[in-house]
Each structure stands twice: as C-alpha cells, then as structure tokens.
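# Coordinate analysis (summary)
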Amino acid sequence: QLLERAQYLLSAHNAKQLPEDIGNEVAFAGRSNAGKSSALNALTRRNALARVSKTPGRTQQLVFFQVTPQAHLVDLPGYGYAKVPLDLKAHWQAFIEKYFRTREALKGLVVVMDIRHPLKEYDLQMLGYAVQRGLPAHALLTKADKLGRGQQMQTLQQVKKELSSRFGDSVSVQCFSSESKQGVDEARLVVGGWLGL
Ligand code: GTP
Ligand code: MG
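Everything in this summary refers to the structure shown in the same document. (Residues numbered from 1 in each chain as written. Chains lettered and ligands numbered in written order. Predicted model: local features only at pLDDT ≥ 70, side-chain atom pairs only at ≥ 80, totals over all residues. Heavy atoms only, no water.)

### Concerning the overall build of the chain
As a reminder of what qualifies: Secondary structure elements are defined from DSSP: runs of H or I of at least 4 residues count as helices, runs of E of at least 2 residues count as strands, and each element is numbered from the N terminus. The atom set for the radius of gyration is the C-alpha atoms, and the globule formula is 2.2 Å times the number of residues raised to the power 0.38. Only protein chains enter the accessibility calculation, which uses a 1.4 Å probe; a residue is then buried when its area is under 20% of its type maximum, exposed when over 50%, and partly exposed in between. Here, two residues are considered to be in contact whenever any of their heavy atoms come within 4.5 Å of each other. All accessibility values rest on the Shrake-Rupley procedure with a 1.4 Å probe; residue burial counts only the protein chains present in the view. Note that His is not counted, nor are the chain ends; the positive residues are Lys and Arg, and the negative ones are Asp and Glu. Every charge is mapped to an atom, namely NZ of Lys, CZ of Arg, CG of Asp or CD of Glu.
A count of helices and strands for the chain gives five helices and seven strands. Traced from its N-terminal end to its C-terminal end, the chain shows the element sequence β-β-α-β-β-α-β-α-β-α-β-α. Its C-alpha atoms give the chain a radius of gyration of 15 Å, near enough to 16 Å, the size a compact globule of 197 residues would have. Buried positions account for 50% of the 197 residues belonging to the chain. The contacts of the chain with a sequence gap of at least 6 include a subset with a gap of at least 24, amounting to 77%. With an accessible surface of roughly 9700 Å², the chain has 49% of that area assigned to carbon and sulfur atoms. Computed over 26 positive and 17 negative side-chain charges, the inter-centroid distance for the chain is 5 Å.

Written as structure tokens, this is what we have:
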C-alpha cells in the first residue's frame, strides 16, 4: 500500500510556508492529546512518522507528509489546549479557517476524537468548516482500546446519530485504536480513496 511511503515534507507556521496547492491532501484535526499523530503513524504503519507526545499541544504548525508528489497528509495543530496564549490561538484559528476555506488540494478531513470524549465544540466547528465547503469528513473514535466492545458500540451509535442529524451523510464515523490497530484497515480505505491512491 502506498500510504506506507509517507515521508515528512515540511512544517508550515503560516500561509506562505504551505506547499504548492496541487494534488490531493487529507487533513487530520482533533483536540490536543486526542491521538492525531498516533493515528497518522498507525495509518501509514510507520511508528515514528508523526511525533507522538505525552505533553498536549506539542504540534504547533501544519505538518505535511508526502505519500506521493501528488498526495499529502496534514497533521493540524491540536485545539482546545488551555495553556496556548490567546494571541497564538487567534493566529491559528485564522490560519486554519483560511486553509479550510481556500485550499484546493484538500479533499477530506479526518477528525480524531477520544472515544471517551467525542464531539466537543471545536470538533463540531472543524466538521462544520469541511461540510460547509462540501468536503467529506471521517471521524475516528480513537483510544477504543480503553473501552469494552459494548461501550464502543454504544458510543458509535450515539455519535452516528448526532453527526447525521447535524451534517447529513457528509460525515462518516468508526471506532479506532492506534494501540490495538482496531479499525486501521477501514480508515486506510477512506484516506487512500480521498488521496486517489
Ligand atoms: P497533540 O499533537 O499534542 O495535539 O496530540 P495528538 O492528538 O497528536 O496525540 P498523540 O498522538 O501525541 O497522543 C497523545 C497520547 O495518547 C500519547 O500518550 C499516546 O500514546 C496516547 N494514545 C494515542 N492513541 C492512542 C490509542 O489508540 N490508545 C491508547 N491507549 N492511547 C493512545
Ligand atoms: Mg500530534
């Protein structure tokens, strides 16, 4: 599978540093510490591709990974981290909002949520950005290994219902674990499809 070829490309702190807006791109969003970087590593089957941190709020830029010259994965900065200064927060909010509004290469959004705390305000905001633009989104309920199967299925059903009432069928959702690799194949199909791999 091509996703395994992913390599670090660059980190962008502002719009000027973004790579050329060509090909296909899939962005990964989520609250700080939700498990975005771990999910990227699991999906690309590369243990140390995206940096995994126990300190929330570590990823402070848009980190681009190149799968092929025409296919990129993007690790967005984690949101909802209280210790980030307000002016920095405002900068990120504006940067990300513009990225969502204008980026032609962007073909889909993956929102990574801790299965124990799904659908927080910022998650819904990111999903809203994507759906408003007509982009599909896929939610990963990650750290599923922290719950038993029964609780996983219960949460999945609740989240499905909430997403379809808010966004219709633009947003799909699944359980996921970077630890146990549950749901990795399913997510790879979605992401690989959006990237045109
Ligand atoms: P920021 O970049 O800081 O926003 O965080 P992130 O969303 O990239 O989270 P990261 O992947 O760094 O993971 C945060 C913590 O959660 C780490 O301690 C991971 O080991 C842990 N973690 C991530 N995914 C899983 C999972 O599926 N299961 C379990 N049990 N722990 C996980
Ligand atoms: Mg990260």
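Next, the rest of the story.
### So, the pairing of strand β3 (residues 62-68)
Along any regular strand, the residues point their side chains to alternate faces of the sheet. What counts here: Should DSSP find at least two bridges between two strands, the strands are taken to pair.
For β3, the buried fraction is high: six of the seven residues fall into the buried class. Both strand β1 (residues 7-12) and β3 contribute to a ladder of five bridges, which runs antiparallel. Within the sheet, the bridge partner assigned to serine 11 lies in β3 and is valine 63. Across five bridges, the pairing between β3 and strand β4 (residues 71-75) is antiparallel. The residue bridging phenylalanine 65 from the neighbouring strand is leucine 73, located in β4. Connecting β3 to the next strand, β4, in antiparallel fashion are two residues.

### A short note on the pattern of salt bridges
Note the threshold: Basic side-chain nitrogens of Lys or Arg form a salt bridge, by our definition, when they fall within 4 Å of a carboxyl oxygen of Asp or Glu.
Evaluated as defined, the whole model comprises seven salt bridges. Across the pair arginine 188 and glutamate 4 runs a salt bridge, and its minimum N-O distance is 2.9 Å. Linking arginine 188 in helix α5 (residues 184-195) with glutamate 4 in the segment before β1, this pair joins segments that are 184 residues apart in sequence. The partly exposed category is assigned to glutamate 4, whose relative accessible area is 30%. Here glutamate 25 makes a salt bridge to arginine 103, at a shortest N to O gap of 2.9 Å. Of this pair, glutamate 25 sits in strand β2 (residues 24-30) while arginine 103 sits in the loop between α2 (86-102) and β5 (106-114); the two residues are 78 residues apart in sequence, bridging distant segments of the chain. Since its relative accessible area comes to 0%, glutamate 25 is described here as buried. Each of Glu4, Arg45, Asp185 and Arg188 takes part in a single network of salt bridges with overlapping partners.

### Topic: the nonpolar core
Burial of nonpolar side chains together is a common tendency in soluble globular proteins. This is how it is decided: For this analysis, a nonpolar core means a set of buried residues of the types Ala, Val, Leu, Ile, Met, Phe, Trp, Tyr and Cys, connected via side-chain atoms within 4.5 Å.
One finds Leu62, Tyr99, Leu109 and Met126 to be the most contacted residues of the largest nonpolar core, which totals 38 residues. Elements with a contribution of two residues or more to this core: β2, β3, α2, β5, α3 (121-132), β6 (137-142), α4 (149-167) and β7 (171-175). What leucine 109 contacts, discounting residues up to four positions off in sequence, is Ala27, Ala29, Phe100, Met126, Leu127, Ala130, Pro136, Ala137, His138 and Trp194. Within the second largest apolar cluster, 25 residues are counted, among which are Leu40, Leu140, Phe176 and Trp194.

### A word on the sheet that holds β6
Rules: All axes here are fitted lines through C-alpha atoms, helices being fitted over the stretch that makes contact, and every angle between N-to-C directions spans 0 to 180 degrees.
If you trace the seven strands from one edge of the open sheet to the other, you get β1-β3-β4-β2-β5-β6-β7, paired in mixed fashion. Each end of this open sheet is capped by a strand with a single partner; those strands are β1 and β7. When strand polarity is set aside, the average angle formed by the axes of neighbouring strands in this sheet is 20°. The sheet contacts of α2 involve β1, β2, β3, β4 and β5, and relative to β3 the element is tilted by about 30°. Along the sheet face, α3 touches β2, β5, β6 and β7 and points at about 165° away from the line of β5.

### As for the layout of surface pockets
Note the cut-off: The rule is simple: put a 1 Å grid over the protein atoms alone, call a set of points where a 1.4 Å probe fits but cannot get out a cavity, call an open set with protein on both sides within 12 Å along at least five of seven lines a pocket, and count a residue as lining if it has an atom within 4 Å of a point. Grid points are joined across faces, edges and corners, and a volume is the space filled by probe spheres set on the points. The residue classification treats Ala, Val, Leu, Ile, Met, Phe, Trp, Tyr, Cys and Pro as nonpolar and Asp, Glu, Lys and Arg as charged. All others, Gly included, are polar.
By volume, the second largest pocket is sized at about 280 Å³. Lining the second largest pocket are 16 residues, and of these Gly78, Tyr79, Lys89, Trp92 and Gln93 sit closest to its centre. At the level of secondary structure, the elements contributing two or more residues to the lining of the second largest pocket comprise α2 and α3. Looking at the lining of the second largest pocket residue by residue, the class counts come to nine nonpolar, five polar and two charged.

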